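Here are the chains, one letter per residue:
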Amino acid sequence: MKAAPFAYVRPATLDEAVSELVRADGGGKVIAGGQSLVPVLAMRLARPTTLVDINAVPELGELRADGGRLEVGATVRQRRIERAPEAASVPLLRMALPWVGHRELRSRGTVCGSLAHADPAAEIPAVASCLNAELDLVGPRGRRTVAAREFFAGAMATALEGEDVLAAVRFPTARPGDGFGFAEIARRHGDFALAGVAAHVRVAEDRVVFATLTAFGVSDRPVTREVADLLSLAAAAQDVPTELQGPLSSLAVEVVNTDGDVHASTEYRRRLFRTLAARELAKAYRRATESSQR
Ligand SMILES: Cc1cc2nc3c(=O)[nH]c(=O)nc-3n(C[C@H](O)[C@H](O)[C@H](O)COP(=O)(O)OP(=O)(O)OC[C@H]3O[C@@H](n4cnc5c(N)ncnc54)[C@H](O)[C@@H]3O)c2cc1C
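Residues numbered from 1 in each chain as written. Predicted model: local features only at pLDDT ≥ 70, side-chain atom pairs only at ≥ 80, totals over all residues. Heavy atoms only, no water.

**Student:** Explain the site of the ligand to me, please; I cannot follow it from the model alone.
**Tutor:** Around the ligand sit 31 residues, and of these Val30, Gln35, Ser36, Leu37 and Thr110 come closest. Interatomic distance of 2.7 Å between a side-chain N/O atom of Thr110 and an oxygen atom of the ligand. Burial of the ligand by the protein chains amounts to 87% of its free accessible area of 970 Å². Looking at the shell around the ligand, the elements with two or more residues in it are β2 (28-31), α6 (111-117) and β10 (165-172). Its residues assigned to classes, the shell around the ligand comprises 15 nonpolar, twelve polar and four charged. (Near = heavy atom within 4 Å. Polar contact = N/O pair within 3.5 Å; in protein donor to acceptor, adjacent residues only side chain to side chain. Areas by Shrake-Rupley, 256 points an atom, 1.4 Å probe, with all protein chains shown as cover. Helix = DSSP H or I, 4+ residues; strand = E, 2+ residues; numbered from the N terminus. Nonpolar A, V, L, I, M, F, W, Y, C, P; charged D, E, K, R; others polar.)

Here you go:
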């Protein structure tokens, strides 16, 4: 099948991009890398009247690390984050990216496009939620900043309104005492996750300051919980992952709330979550302890 007809515009400024979306009167769609949108158009699951290509807006291509933040503009490709030296300051993002489809796809797909698309099984939204990144949304009424944990409203649903552009996302950069873990289970490498977790632990003077766990692929959006109590209970145990699995059981019931499907039952996803969460939390704790001693 081929896409239904649409108009195509390529504005040179962010203001013009917003004006084009306003002019389209609800029928406009931003296109960035096109890795999710083009298949959707080809299947006629969306029939926008106007595609607003944001790739000629210079400010949206910026990547900047300063003030403890990595700012990623709307047209920055995922592959650039995998390679740019300044992006190493957000290790969790770098750990997650190899799980996003394949390299060819990441060389076109953008970080912001993945956030805007908001697939519940996508890796970048989980990272943004775990680190509570800040998202800059620009629309006809100006610019506003939304915390990632408020941004995702459900499957493919976000705080973006029809005339908004997600201009940039800011991730906090890692500090001494930070440790991270990330893993997922998919049927084949490059497929969306059946279940996945991102973990961020911070320690200071041998104490856990916080431990944040985000589950994805198991609900209609990334689910983030503080689990410091759980980690400090289990951290002293000989075999941390095994010790953690029991306490994670009730959390698994809470966060894994998708119905079973042809790929996996609810109970199987809960088991995947418990195992991955225990392992990645333990890794994040160990890495946090090591990095605090540098
Ligand atoms: C074969 C295949 C495998 C894939 N595997 C994975 C995977 O494992 N994990 C994963 O997370 N993704 C996967 N994807 C999806 C895809 O890689 C990402 O969703 C994609 O990278 C999104 O970025 P994009 O720039 O291509 O967005 P686009 O396709 O251009 O846009 C996606 C959506 O976001 C909106 N949008 C984009 N940018 C903005 C913006 N700045 N402001 C407002 N709205 C915007 C668009 O209007 C559209 O609705 C896969 C895709 C394919 C085709």
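**Student:** I'm lost on the pattern of salt bridges in this one. Help?
**Tutor:** Where charged atoms from two side chains of opposite charge come close, those side chains can pair. The full count for this structure, using the stated rule, is 21 salt bridges. Overlapping salt bridges bring together Glu59, Glu62, Arg64, Glu71, Glu134, Asp136, Arg143 and Arg170 as one network. (Salt bridge = Lys/Arg side-chain N within 4 Å of Asp/Glu carboxyl O.)

**Student:** Even after reading the chapter, I still don't get unusual backbone geometry, so can you show me in this structure?
**Tutor:** Notably, Ala118 is not glycine yet its phi reads approximately 55°, a positive angle. Considering the arrangement of structural elements, one finds Ala118 in the loop between α6 and α7 (123-130). For Asn132, which is not glycine, the phi torsion reads 45° and is therefore positive. Relative to the helices and strands, Asn132 is located in the loop between α7 and β6 (134-139).

**Student:** For this particular structure, what's the right way to read the environment of Pro58?
**Tutor:** Within the secondary structure, Pro58 sits in the loop between β3 (50-53) and β4 (63-66). What makes Pro58 exposed here is its relative accessible area of 63%. Distance in space between the C-alpha atoms of Pro58 and Gly73 is 9.5 Å, their sequence separation being 15 residues. (Buried < 20%, exposed > 50% of the residue type's maximum accessible area, 1.4 Å probe, protein only.)

**Student:** Where do I start with the UniProt feature "domain: FAD-binding PCMH-type" (unreviewed entry) in the protein chain in this structure?
**Tutor:** The feature "domain: FAD-binding PCMH-type" (unreviewed entry), as annotated in UniProt, sits at residues 1-176 in this numbering. In this annotation, residues 1-176 is assigned 29% helix and 26% strand; the end-to-end C-alpha distance for the span is 52 Å. (UniProt positions renumbered as here; feature names shortened; annotations may be inferred.)

**Student:** Sorry if this is basic, but what is going on with the packing of aromatic side chains here?
**Tutor:** Centre distance and the angle of the planes are the two values used to describe a pair of aromatic rings. All told, the structure shown has two aromatic pairs when counted by the stated rule. Ring centres of Phe151 and Phe152 lie 5.1 Å apart, and the angle between their planes is 85°; on these two criteria the pair is classed as edge-to-face. (Phe/Tyr/Trp six-rings, centres within 6.5 Å; stacked < 30°, edge-to-face > 60°.)

**Student:** I would appreciate a short explanation of the pairing of β3 in the present structure.
**Tutor:** Looking along a regular strand, one sees the side chains alternate between the two faces of the sheet. Where burial is concerned, the two faces of β3 agree: the one with Thr50 and Val52 and the one with Leu51 and Asp53 are both buried. In this structure, strand β1 (residues 7-9) lies alongside β3, joined through three bridges in parallel fashion. Its bridge partner being in β3, Ala7 is matched across the sheet by Thr50. The pairing of β2 with β3 spans four bridges and is classified as parallel. Looking across to β3, one finds that Val30 is bridged to Val52. (Pairing = 2+ DSSP bridges.)

**Student:** When you look at the domain arrangement of the protein chain in this model, what are you seeing that I'm missing?
**Tutor:** According to the domain assignment, the protein chain consists of domain 1 (7-53), domain 2 (58-172) and domain 3 (178-293). The straight-line distance from the C-alpha centre of domain 1 to that of domain 2 is 18 Å. Across the boundary between the two partners, domain 1 contributes twelve residues, which contact 19 residues of domain 2. The largest share of the area that domain 1 buries against domain 2 comes from Leu14, Val18 and Gln35, three residues that together contribute 44% of it. At the junction of domain 1 and domain 2, the tally comes to zero salt bridges. Sorting the residues of the side of domain 1 that touches domain 2 by element identifies α1 (14-23) and β2 as the ones contributing at least two each. Here the side of domain 1 that touches domain 2 is built from residues that sort into eight nonpolar, four polar and no charged. (Domains from an automatic or database assignment. Contact = heavy atoms within 4.5 Å. Buried area = accessible area lost by both parts, 1.4 Å probe.)

**Student:** What should I look at first to understand the sheet that holds strand β5 (residues 69-73) in this one?
**Tutor:** Hydrogen bonding along the main chain pairs the strands of a sheet, whether they run parallel or antiparallel. Here five strands make up an open sheet; going across it, the order is β4-β5-β10-β6-β7 and the pairing antiparallel. At either margin of the open sheet sits one strand with a lone partner, and together these are β4 and β7 (142-147). With direction set aside, neighbouring strand axes in the sheet form an average angle of 20°. Relative to β10, β5 runs antiparallel, the two being bridged by five bridges. When the sheet's bridge partners are listed, Glu71 is paired in β10 with Arg170. Against the sheet, α1 makes contact with β6, β7 and β10, and its axis sits at roughly 130° relative to β10, the strand it touches most. (Axes fitted to C-alpha atoms, helices over the stretch in contact; angles between N-to-C directions.)

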